[in-house]
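Observations on the model geometry
Here is what each chain is made of, one letter per residue.
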Amino acid sequence: MRVKVKYHIIYRHKTEYPVAVMCKFFGVSRSGYYAFVHRLGRPEKDAALAEAIAQQRERSFRTYGYRRMWLWLKSQNILRNPKTVLRIMKKYDLLSEIRRRRKWQQLGQQVYKYRNLLNRDFHADKPNQVWLTDITEFNIPAGKVYLSPVIDCFDGLPVAWTISVSPNAELVNTMLDDAIQTLNPDEHPIVHSDRGGHYRWPGWIERMEKAGLIRSMSKKGCSPDNSACEGFFGRLKNEMFYNRSWADVSVESFIDEVNRYLIWYCNQRIKLSLGSLSPIEYRRKLGYSI
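Definitions and cut-offs
Residues numbered from 1 in each chain as written. Predicted model: local features only at pLDDT ≥ 70, side-chain atom pairs only at ≥ 80, totals over all residues. Heavy atoms only, no water. Salt bridge = Lys/Arg side-chain N within 4 Å of Asp/Glu carboxyl O. Buried < 20%, exposed > 50% of the residue type's maximum accessible area, 1.4 Å probe, protein only. Helix = DSSP H or I, 4+ residues; strand = E, 2+ residues; numbered from the N terminus. 1 Å grid on protein atoms, 1.4 Å probe; cavity = no way out; pocket = protein on both sides within 12 Å on 5 of 7 lines; lining within 4 Å. Points joined across faces, edges and corners; volume = space filled by probe spheres on them. Nonpolar A, V, L, I, M, F, W, Y, C, P; charged D, E, K, R; others polar. Axes fitted to C-alpha atoms, helices over the stretch in contact; angles between N-to-C directions. Parallel < 35°, antiparallel > 145°, perpendicular 65-115°, else oblique. Contact = heavy atoms within 4.5 Å. Disulfide = S-S within 2.5 Å. Core = buried A, V, L, I, M, F, W, Y, C linked by side-chain atoms within 4.5 Å. Pairing = 2+ DSSP bridges.

**Notes on the pattern of salt bridges**
Within this structure, the stated rule accounts for ten salt bridges. One salt bridge connects Glu 58 with Arg 57, and the closest N-O pair in it is separated by 3.7 Å. When its relative accessible area of 32% is taken as the criterion, Glu 58 is described as partly exposed. Overall, Arg 57 belongs to the buried group, its relative accessible area being 6%. Between Asp 152 and Arg 283 there is a salt bridge; the shortest N-O distance is 3.0 Å. In this pair, Asp 152 is assigned in strand S3 (residues 143-152) and Arg 283 in helix H11 (residues 279-286), connecting sequence segments 131 residues apart. As far as burial versus exposure is concerned, Asp 152 and Arg 283 are alike and both buried. Among the charged side chains, a network of salt bridges with common partners joins Asp 46, Arg 87 and Lys 91.

So, in structure tokens, the structure goes:
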């Protein structure tokens, strides 16, 4: 508490308690207090308004914030800008003592907060060390379709995926269940995602913990932190979605087309970084079980 605020408190209660006792209690000198009182004879710009606010503060059981205090001043024909009232209440420590309710962070943003373990390093020495996941949307005339895959950083293989017309918890939870089924008992990959609500719901967290998976999350609103997964979505859409007309295609047929592409991507699509092999062919060449 600032010294001037202490002086104001002592001055307001000078008829109730001895000044010497209050000065000792607040740890201020009496000479300093009396110098403050002397200056009240030549009050500073805000002193009179501060005194009126302080008195009403006590009458209102210290519950008035600056908005209600401004309305009360207005009812007394004391016309001031609300920002001026706020400034004075801050200056003289006259703000409401009512505890404000905590604002809930969207979908537990602070409750489930995990570090970015990857720090944009998407390298993995073998399969099932680092997985990436996210959701992408396809908007066709027949409706919207959502894809949720798990991508292995070792070779870019989509380990598992689900497709739905709704980006709900079932979409990501079912995908994670399918991905977990591909793991050996001693494999516990890092699973990196953004901070979307799907990856902070209890169902997702329970599955992660039960399988011993390690959570990693991008910074809020920072898509480069999951750029490898974004790159996968970009390739997928460039190769099978953009530059094609989907005007007469139903949602069900479109989902079949996405599934067909992903199966081809895993088994046949040549990837130069894998020695011109598909991800499945690359793993077979290295002796990994599929």
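**Examining the layout of surface pockets**
Volume-wise, the largest pocket comes out at about 390 Å³. Secondary-structure elements contributing two or more residues to the lining of the largest pocket are strand S4 (158-164) and H11. Tallied by class, the residues present in the lining of the largest pocket amount to seven nonpolar, five polar and four charged.

**Some remarks on the packing of helix H4 (residues 47-59) against helix H6 (residues 82-91)**
Running from N to C, H4 and H6 cross one another at 80 degrees; their axes reach a closest spacing of 10 Å. When the axes of H4 and H6 are compared, the pair comes out roughly perpendicular. Seen from H4, the contacting residues are Leu 49, Ala 50 and Ile 53; seen from H6, they are Val 85, Ile 88 and Met 89. Its residues assigned to classes, the contact of H4 with H6 comprises six nonpolar, no polar and no charged.

**Comments concerning the side chain of Thr 136**
Residue position: Thr 136 is located in strand S2 (residues 136-140). Owing to a relative accessible area of 9%, Thr 136 belongs among the buried residues under this scheme. Residues in contact with Thr 136, not counting those within four places in the same chain, are Val 145, Tyr 146, Leu 147, Phe 233 and Lys 237.

**Brief notes about the environment of Phe 25**
Inspection of the secondary structure assignment puts Phe 25 in helix H2 (residues 19-26). For Phe 25, a relative accessible area of 67% puts it in the exposed group. In sequence terms Phe 25 and Ala 169 are 144 residues apart; their C-alpha atoms lie 58 Å from each other.

**Here we look at the state of the cysteines**
What the rule picks out here adds up to zero disulfides. Cys 229 supplies the cysteine sulfur nearest to Cys 222, a cysteine that is in no disulfide, at a spacing of 14 Å. Its sulfur unpaired, Cys 266 is 13 Å from the next cysteine sulfur, which belongs to Cys 229. The exposure class of Cys 266 is buried, given its relative accessible area of 5%.

**A look at the nonpolar core**
Ranked by internal contacts, the top residues of the largest apolar core, which has 32 residues, are Leu 132, Phe 138, Leu 147, Leu 236, Met 240, Phe 254 and Leu 262. Mapped onto this core, the elements with two or more residues apiece are strand S1 (130-133), S2, S3, S4, helix H9 (227-240) and helix H10 (251-267). No other element matches the eight residues that H10 contributes to this core. When residues no more than four places from it in sequence are discounted, the contact partners of Leu 147 are Asp 134, Ile 135, Thr 136, Phe 138, Trp 161, Thr 162, Ile 163, Phe 233, Leu 236 and Leu 262. If you look at the next biggest cluster of nonpolar residues, it comprises 20 residues, including Trp 131, Tyr 146, Met 175 and Leu 176.

**Let's talk about the pairing of S2**
Along S2, the buried face is formed by Thr 136, Phe 138 and Ile 140; none of Glu 137 and Asn 139, which line the opposite face, is buried. Where S2 folds back on S3, the antiparallel hairpin that results is connected by two residues.

**So, the environment of Asn 259**
Mapped onto the elements, Asn 259 comes out in helix H10. In this structure Asn 259 comes out as partly exposed when scored by relative accessible area, which is 26%. Sequence-wise, Asn 259 and His 192 are 67 residues apart; in three dimensions their C-alpha atoms are separated by 23 Å. Not counting residues up to four positions away in its chain, the partners in contact with Asn 259 are Trp 161 and Ile 163.

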